[in-house]
Amino acid sequence: MNHLPLIIKREYLTKVRNKSFIVMTILSPIIMIALISIVAYLSQLNNEKVRTINILDESGLVGEIFKSTDHTTYNILPSMDLQDAKTLSKESEAYGLLYVEGFDSVEDVSKHIMFYSEDVPSLTVISDIERKIENELTHLNMQNNGVNVDMIEASRAHVEVFQESFEGEKTSKTDSLVKLIFGIAIGYLLFMFIIIYGNMIMRSVIEEKTSRIIEVIISSVKPVQLMLGKIIGTSLAGITQFAIWLVFGGLLMTIVSLVLGISFAESPMPQQEIMEMAAQNPDFTFYFESFKKALTNLPLMNIIFAFILFFISGYLLYSSLYVAIGAAVDSETDTQQFMMPIIMPLILAVYIGIFTVIEDPHGTISTIFSFIPLTSPVVMLMRIPFGVPLWQQLLSLLILIASFMFTVWFAAKIYRVGILMYGKKPSYKEIIKWIKY
């Protein structure tokens, strides 16, 4: 009689009714949203803070270029002694004092600029001041040398090398960046899911083995059915927990956004500064539009279906290995000697994906590792956003499924012997003997 559905149901209900499972399912999104909310709220307070910067420009060359914004007020001080300017700025609790010494030469002025403040100033503020002064002094230098600055600005040409495949498919540098981000995100998600829920399955096997309840169960259920039931049941519990996190987390974000007035999607950079940056640098607008266009060029349907198939197959493959390790040992401490052969391919897959896919997604190394079962779930998912031929995806998936079936057979051999072994820490040599039984 096939007991697999009953085992899956038992494993699933056991996991979802567990107190620690329920507590973590509820607390995890609350803690995560709380941390994000605190960071967003503090960033919002920081953005709403108005800085007052006094400017003492003895040279008369750069003072007028500073225009006040919603978050920064620039006060041009009249001619006065530097010490008096420092005292005034300190008494008025100004953010800082920008002092430009009175030289006539642009080169001398550029080397005699000082910013005085009570505390260490923000790197963003200093960089912004440097950028504005540098642009102004550069223009002054050009004018002093008889160069028509307006003509140079009008003569500037934006160059972009348009990319297109021999089949006519158009791409860009931004496309590659967006594809890389998507690839790394889905590959890393699979990596974390395997680590978290693979360990959950392994601990479940160890707990049942140490409690001796497995001796009763194994008398009426085939080891392979029990093993598959644990894998599938725990996987369904993990998917349930993940789905609850998404729904509950989204609901919490909406509530926090309405109650505290925090926009999680809002850029940490003030809107006025973004508009100013776009006005001063046309490339900013160009790349922003390129980024939005790159999102529409992603093969989303292919990514979604491939993610589901490779995610499930890769997770089942590694889960069977985690079950075998759990059956072979008596405690979680004893698993360390067997974990390295499982963790290393996963880590290798992530590094291969990051350092080779970005450089050459269709190169020899990327292609080979996208067919090796222990690395293909991560590497292939990282390659797919760049456009992988369908036959390669299907071949990699078939190899992965075949490897999973072999791993299940292999793990079942270890499981049926190891699940009833107590009091002895097995070696690799003994595990090989178990496979031959």
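Residues numbered from 1 in each chain as written. Predicted model: local features only at pLDDT ≥ 70, side-chain atom pairs only at ≥ 80, totals over all residues. Heavy atoms only, no water.

*Asks:* Looking at this structure, how should I read the nonpolar core?
*Replies:* Buried together is how nonpolar side chains tend to be arranged in soluble globular proteins. Grouped together as the largest cluster of nonpolar side chains are 62 residues, with contacts concentrated most on M227, F310 and Y415. Where this core is concerned, the elements lending two or more residues are α7 (173-210), α9 (223-260), α12 (300-328), α13 (336-357), α15 (376-383), α16 (390-418) and α17 (428-436). Here the element with the most residues in this core is α12; it accounts for 15 residues. Beyond its immediate stretch of four places on either side in the chain, M227 contacts V323, V408, A411, A412 and Y415. Counting 16 residues, the second largest nonpolar core, distinct from the first, contains F66, Y74, V100 and I133. (Core = buried A, V, L, I, M, F, W, Y, C linked by side-chain atoms within 4.5 Å. Buried < 20%, exposed > 50% of the residue type's maximum accessible area, 1.4 Å probe, protein only. Helix = DSSP H or I, 4+ residues; strand = E, 2+ residues; numbered from the N terminus. Contact = heavy atoms within 4.5 Å.)

*Asks:* So what exactly am I meant to see when it comes to the packing of α13 against α15 here?
*Replies:* Relative placement of two packed helices is described by the angle separating their axes and the distance separating the axes. Here α13 crosses α15 at 20 degrees, and the two axes come no closer than 8 Å. The orientation of α13 relative to α15 falls into the category roughly parallel. In this structure, the crossing between α13 and α15 has a hand that is right-handed. Here L346, A349, V350, I352, G353, I354 and V357 of α13 come into contact with α15, specifically with V378, V379, M382 and R383. When grouped by side-chain class, the residues that make up the contact of α13 with α15 number 9 nonpolar, 1 polar and 1 charged. (Axes fitted to C-alpha atoms, helices over the stretch in contact; angles between N-to-C directions. Parallel < 35°, antiparallel > 145°, perpendicular 65-115°, else oblique. Left-handed = near helix turned anticlockwise from the far one by under 90°. Nonpolar A, V, L, I, M, F, W, Y, C, P; charged D, E, K, R; others polar.)

*Asks:* How should I be thinking about the pattern of salt bridges in this particular structure?
*Replies:* One side chain can pair with another of opposite charge once the charged atoms of both are near each other. The final tally for this structure, using the stated rule, is 6 salt bridges. Note that D128 is salt-bridged to R131, the shortest N-O span being 2.4 Å. Here the residue D128 and the residue R131 both occupy positions in helix α5 (residues 123-144), the gap between them amounting to 3 residues, near one helical turn. A salt bridge links K132 to D128; the shortest N-O distance between them is 3.3 Å. Of this pair, K132 and D128 both sit in helix α5, 4 residues apart, which is roughly one turn of that helix. Where salt bridges share partners, they join R10, E11, K15 and K230 into one cluster. (Salt bridge = Lys/Arg side-chain N within 4 Å of Asp/Glu carboxyl O.)

*Asks:* When you look at the packing of α15 against α16 in this model, what are you seeing that I'm missing?
*Replies:* It is at 11 Å that the axes of α15 and α16 come closest, and there the two elements cross at 165 degrees. What the angle tells us is that α15 and α16 run roughly antiparallel. Regarding α15 and α16, the two cross each other, and that crossing is left-handed. Here S376, P377, M380 and R383 of α15 come into contact with α16, specifically with Q392, Q393, S396 and L400. Across the contact of α15 with α16, the residue classes tally to 3 nonpolar, 4 polar and 1 charged.

*Asks:* Could you clarify how one ought to interpret α13 in this entry?
*Replies:* Two residues of an α-helix separated by three or four positions point the same way, owing to the 3.6 residues in each turn. Counted at 1.5 Å a residue, the expected span for α13 with its 22 residues is 32 Å, and the 31 Å between its end C-alpha atoms agrees. Considering bend angle alone, the principal kink of α13 is centred on I342 and spans about 30 degrees; proline P345 follows within four residues of it. Of the positions making up α13, those classed as buried are F338, M339, I342, P345, L346, A349, V350, I352, G353, T356 and V357. (Expected span 1.5 Å × (residues − 1). Bend = angle between axes of the 7 residues up to and from the residue.)

*Asks:* Even after reading the chapter, I still don't get the sheet that holds strand β3 (residues 96-100), so can you show me in this structure?
*Replies:* Strand pairing in a sheet is mediated by backbone hydrogen bonds. Such pairs are either parallel or antiparallel. Pairing in this open sheet of 4 strands is mixed, and the strands run β2-β1-β3-β4 from one edge to the other. The two strands at the open ends of the sheet, each matched to only one other strand, are β2 (72-76) and β4 (113-116). Strand-to-strand twist in this sheet, taken as the mean axis angle between neighbours without regard to direction, amounts to 20 degrees. Looking at chain direction, β3 and β4 are connected through 4 bridges and run antiparallel. Bridge assignment links L98 to a residue of β4, and that residue is F115. Those strands touched by helix α3 (residues 82-91) are β1 (51-57), β3 and β4, and its axis lies near 160 degrees from that of β3. (Pairing = 2+ DSSP bridges.)

Such coordinate-based values are descriptive only and should not be taken to indicate function.
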